[in-house]
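# Residue-level structure breakdown
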Amino acid sequence: MTTPHAIRTLDLPVSDADTDVWHEVLAAARAADVPELPPPSRGERGGRRGGGAGGGGAGRGGAEDGVAQLLLFTDEENRHTAFLGTLAVRPRSRRRGLGTALWRHVRAELLADGRTSVSVQIEDGGPGRAFAESLGFENVLPMAWYVQDVAGAPAGGADPAGYTLLHWPGLVPDAWAEAAAAAHGAMEDAPTGDLDEQTVSWTPQRLHAAQQLVLDRGGAMSTVAAVTPGGEVAAYTELVLPDPGGPLAVQYDTVVVPRHRGKGLGRAVKLRMLAEAAARHPGLRTIATTVADDNAPMRAVNASLGYRRARGAAVWQLKL
């Protein structure tokens, strides 16, 4: 018999007690579903990432056994859609309808806000895929996680001919924010499969807001850019450490502006980033990144740097 579950919405700012429970649920779920990854650190503290929903397991003294986090896009291009950042249930509390109860709560919020689609990134091999398929989600962008060991990675970081490599920890400096935002627009031709999401128009304000969010979560962020003598950002790469003292970093976007492609800039910015990260974060051991299966050029760059395929993943989407 399915036990009723009390679902409550967590609004910002999230309390320390709710943050601790959020972290415990995510740590337990990751250990069961993706044991090859290190547990989420206290620095990540998933509940600080934004509002979400918590589900209390009946008969557990009020202890919450499931969490969900929903990102409602606010840019005009994507006000019709949203991203489900988290839906996790403690392994001990699975098969009791809590995941379904959380999803119904999330779906109701989506419909009430006028959203017509929602997407989620799911790892292969865990219970997420079967659950998503049971709800009607479809795989719209196959990809994979690739990992690189910091120790033993290729040395490098020299300036490419005709360009200067700059490293910016934290926010991109104001003097370069407009040029960096313009380079972000080159993401328009990145593979997106059948994802119902539009590339946003980047401004210096949007760029700084996205970077500040990482810092507000307690993480560290760095950008390496290849710039021209005329002040253009020709290529860049971003690295995020959810926990600045932890062993794992995530490579975010790596982009080369179309007219500067074919000159090795993607590899150059990644090599400089690797050198900077190793020097600034001595506890760093592994860098992970996702690459769409259709993005052969970036997979080739990563292979030359020693990245290896770790596990499959995909973006799944549901039309509401």
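Residues numbered from 1 in each chain as written. Predicted model: local features only at pLDDT ≥ 70, side-chain atom pairs only at ≥ 80, totals over all residues. Heavy atoms only, no water.

## A few points about helix 5 (residues 204–216)
This is how the line gets drawn: The helix count covers DSSP runs of H or I at least four residues long, the strand count covers runs of E at least two residues long, and both are numbered beginning at the N terminus. Given a helix with a known number of residues, its expected span is that number minus one, times 1.5 Å. When a residue's accessible area, from a 1.4 Å probe over protein chains only, is under 20% of the maximum for its type it is buried; when over 50% it is exposed; and in between it is partly exposed. This arc corresponds to the set of directions leading from the helix axis out to the C-beta atoms. Contacts are assigned to residue pairs that have any heavy atoms within 4.5 Å of one another.
Relative to the 18 Å expected for 13 residues at 1.5 Å per residue, helix 5 spans 18 Å between its end C-alpha atoms, a close match to the ideal helical length. Taken as a whole, helix 5 has its buried residues at Leu 207, His 208, Gln 211 and Val 214. What you see down the axis of helix 5 is that its buried residues fit within an arc of 115°, all on one side. For helix 5, the exposed residues set more than 90 degrees away from the buried face come down to Gln 205 and Asp 216. Of the surrounding secondary structure, the elements contacted by the buried residues of helix 5 are helix 4 (174–184), strand 8 (220–227) and strand 9 (233–241). Positive phi shows up at Gly 218, right after helix 5, with a value of about 95°.

## Quick notes on the packing of aromatic side chains
Keep this limit in mind: Two rings from Phe, Tyr or Trp (for Trp, the six-membered ring) form a pair when their centres are within 6.5 Å of each other. A pair whose planes differ by under 30 degrees is stacked, one over 60 is edge-to-face, and the rest are tilted.
Evaluated as defined, the whole model comprises two aromatic pairs. A ring pair is formed by Trp 103 and Phe 137, whose centres lie 5.5 Å apart and whose planes are at 65°; its orientation type is edge-to-face. Of this pair, Trp 103 sits in helix 2 (residues 98–112) while Phe 137 sits in the loop between helix 3 (128–135) and strand 6 (138–149), and the two are 34 residues apart along the sequence. Here Trp 103 and Phe 137 have matching classes, each one buried.

## Describing the packing of helix 6 (residues 265–280) against helix 7 (residues 296–304)
What counts here: Angles shown run from 0 to 180 degrees and are taken between the N-to-C directions of axes, each axis being a line fitted to C-alpha atoms and, for helices, limited to the stretch in contact. Here roughly perpendicular refers to angles of 65 to 115 degrees, roughly parallel to angles under 35, roughly antiparallel to angles over 145, and oblique to all remaining angles. When the near helix sits turned anticlockwise from the far one by under a right angle, the crossing is termed left-handed; a clockwise turn instead gives a right-handed crossing. Each residue receives one of three labels: charged for Asp, Glu, Lys and Arg, nonpolar for Ala, Val, Leu, Ile, Met, Phe, Trp, Tyr, Cys and Pro, and polar for the others, Gly being one of them.
One way to put it is that helix 6 packs onto helix 7 with a least axis distance of 10 Å and a crossing angle of 45°. As the angle between them shows, helix 6 and helix 7 are arranged oblique. Crossing angle aside, the handedness with which helix 6 passes helix 7 is right-handed. Here Gly 266, Arg 267 and Lys 270 of helix 6 come into contact with helix 7, specifically with Met 298, Val 301, Asn 302 and Ser 304. Residues that form the contact of helix 6 with helix 7 fall into these classes: two nonpolar, three polar and two charged.

Note that every value here comes from positions in space, so none of it alone points to a role or purpose.
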